[in-house]
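As a plain string of letters, each chain reads:
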Amino acid sequence: MPLADALSFFPGLATAAAEPAKDAAALRRLAEWCSRYSPWTAPDRVDGIRIEITGSAHLWGGEEALAADLATRLDRRHIAGRIAIADTLGAAWAMARFAEGKSPVILLPGDCRNPLIPLPVEALRLDPPTTQGLRRVGLKRVGDLSGMPRDALTRRFGEMVVRRLDQAQGDLPEPLSPLGEAPTRRVRLSFAEPIVDPADLLRATERLVEDLVPRLAQEGIGARHLDLAFHRVDGRVERIRLGTARPSRDPRHLVALFKERLDTVDPGLGIEDVILAAFAVEPLPPEQIGLAGHTPTNETNGIAPLLDRLGNRLGFAAVSRLEPRESHIPERSSVRVPVASAHSHASVAPAPDKPPRPIRLFEPPEPVEAFWLLPDDPPFRFAWRRRRHRVTRADGPERIADEWWRPEGPGAGDAIRDYYRVEDEEGRRFWLFRAGLHGGDQSLRWFVHGVFS
Amino acid sequence: MVEERARLPELRERVKWIERPTAAIHGVLPFGIAAIDRALPGGGLTRGALHEILGMGGDEEDGALAAAFAAGILGRLARTGNGTVLWCLPRPDLYGPGLAAHGLDPTHIVLVRAPRDSEILWAMEEGLRAPGIAAVVGEVGSLPAVASRRLQLAAERSGITAFLLRRWCDGGQAARERNLPNAAVTRWRIAALPSQPLPGEPGVGRPRWRVELLRCRGGEPACWEVEEADATAHVSLAAALADRPAAPVSSEKYRRTG
């Protein structure tokens, strides 16, 4: 019915523009808030949220208690909702939307057939044309379908009808894809009185870490990613995500990492749940952890806490080591390797006597305007970064050809470089090269690749 | 009154502690060149302190000489203190083979790349509080006086030596920052000099630097000319220019590669 018609029937009608994007965002936030019940939580189409509570219902004292808690909290936030718990996603979906009676509906384990029988075929999560088709031939209830020959149904309405029926009845598995990566280990702390004070947040963090660490130790693992979620009373979730350079379960170290970021958490009107989850766990034998918390067994472990602090603030790509590589291409013979990736310990034979190498290398090489006389001459003058340099002395050329086994890339024209070490009248020393060959197709270009001391 | 007098010795101790020369706590690292070491209180570079190194001319932007000068010192610090060198910089243009030529094993370095000066100063301070770090280097443009004070205190507390390499990408910033006071115990300026041609060999000769000690807590400014003797990075003093011309220094050498 067009809006104008509706208003003519009922002049005082309150209207609002549809905002699907905002609705979806709100639903997603609500789904994230629901992750207090289980990590496997996802928005379902435009009007639902599915939660896989297998294995987590007992933390709440059973399914009834969990549903009651959810209902109370939704009610407190004035969100109208219907809750259903069943063995299968399809059955829970159907019961939440189409069951008679009050919410929550909780089906007994193994009881996914009979309760569905009286429900309309719309309860099967089919698209509207299919349900209309079913209704047109008189199949109005789910129970009507059970007696039908399956291949006939499939031929007439497509395979979706049979599949949805099987999924709802538990004959066909249906995995739930959660919002995020499923954590391996999780601990939770709830507060009857929401907390706001930063000191309380820190204490909660400490308790959760103390709770998590023994579990990791028991299994001989350490975490490389941690997620600390603060569930606010208004339904928003504030998160601190951490990475560590090496698997860790040192409580002091982990608390220190979280502590540094706690001021980014806005508690709003209060926080009612804090959930700490460990992802990407890796084996971590007990002997790698010092007894006092900080007795490093080797150099890298000793500075690991420092590397974690740096990496969590600046990004782990920003913290790297210089590793020598066997290559005669200058920029490939020394590479930066992020410390978070495994240390390669590549042993590289000491390079044979090479001409001196600069202490600063520009990546990429910077083009210069150069003037030279004879083909193999160094430039007698060049201009670089707003400055002009008169060359007083020079060594070279040292010819460096590209590694022939590498595929020809965009820099294929620079496959041959002639390097010169030049000194200007101030005494500054530069590493210049000429790209291309005399008589080649491309014009010769000059670059400064580095600066000597 | 009696009570106050009783506290006097304690207060004297505290004043003494506050006024103590930093060199006394963590020791010094001698350069091995007598002329330079004589100019430094304690006979070498103070460990557990902040040192500032400047370039000159176009090198104020590139920081090649400052890096080379620091690398020579760091190589020896890393060897004696068996630890990692934390090097914080905005643009990762350090080149491993070049560092190795100045005696610093590049595998001992952890590079920290941060776009802003404030982040570099933060990373340096974190490094100065960490165990297992031999020295901390930071390349910064602007340096608030408070930040330098914090670094100096952190270095003093942990005994880790810190180096600030100043790099300015435009003349305006260089002019503003160059002469600002800060809490570093020494300020050095390294400038390139035209190399001395080798007899019978054309081309670039042995690199020569002018090493200026512009400021030194408990010492006097001084200036030297230094020459790298050959490719294995022997460094010798070509001539002592400024305030100690009488020292017989021409034969002194020190080896940076160890």
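Everything here concerns the structure above.
Participant: Could you give me a rundown of the interface of chain A and chain B, with the residues and numbers involved?
Facilitator: It is common to report an interface's size as the accessible area lost on association of the parts. If you look at the interface, chain A gives 43 residues, while chain B gives 46 residues. Mapped by element, the contributors of at least two residues to the side of chain A that touches chain B are helix H11 (299-314), strand E9 (319-324), strand E10 (334-338), strand E11 (360-371), strand E13 (387-401), strand E14 (416-424) and strand E16 (445-451) of chain A. The element best represented in the side of chain A that touches chain B is H11(A), accounting for seven residues. Along the lines of polarity and charge, the residues of the side of chain A that touches chain B split into 18 nonpolar, nine polar and 16 charged. Relative to strand E5 (residues 109-113) of chain B, E9(A) is paired through three bridges, and the arrangement is antiparallel. The residue bridging Ser320(A) from the neighbouring strand is Leu111(B), located in E5(B).

Participant: Provide a residue-level description of helix H8 (residues 159-169) of chain A, including the pertinent values.
Facilitator: Residues and elements named next belong to chain A. Burial in H8 covers these residues: Val161, Arg164, Leu165, Gln167 and Ala168. Buried residues of H8, seen end-on, are gathered within an arc of 165° and therefore sit on one face of the element. Gly170 sits one or two residues past H8 and shows a positive phi near 85°.

Participant: Can you break down the sheet that holds strand E5 (residues 185-195) of chain A residue by residue, with the values?
Facilitator: Residues and elements named next belong to chain A. Ordered by their spatial adjacency, four strands build an open sheet running E5-E8-E6-E7, and the pairing between neighbours is antiparallel. Unpaired on one side and paired on the other, E5 and strand E7 (237-248) mark the two borders of the sheet. Direction aside, the axes of adjacent strands within the sheet are offset by 15° on average. In this sheet, strand E8 (residues 271-283) lies alongside strand E6 (residues 221-232) in antiparallel orientation, the contact comprising 11 bridges. Within the sheet, the bridge partner assigned to Phe230 lies in E8 and is Val274. Against the sheet, helix H10 (residues 251-261) touches E6 and E7, its axis set at about 140° to E7.

Basis of the calculations
- Residues numbered from 1 in each chain as written.
- Chains lettered and ligands numbered in written order.
- Predicted model: local features only at pLDDT ≥ 70, side-chain atom pairs only at ≥ 80, totals over all residues.
- Contact = placed C-beta atoms within 7 Å.
- Helix = DSSP H or I, 4+ residues; strand = E, 2+ residues; numbered from the N terminus.
- Nonpolar A, V, L, I, M, F, W, Y, C, P; charged D, E, K, R; others polar.
- Pairing = 2+ DSSP bridges.
- Buried ≥ 20, exposed ≤ 12 C-beta atoms within 10 Å, placed from the backbone.
- Arc of directions from axis to C-beta.
- Axes fitted to C-alpha atoms, helices over the stretch in contact; angles between N-to-C directions.

In short, geometric facts, not functional conclusions.
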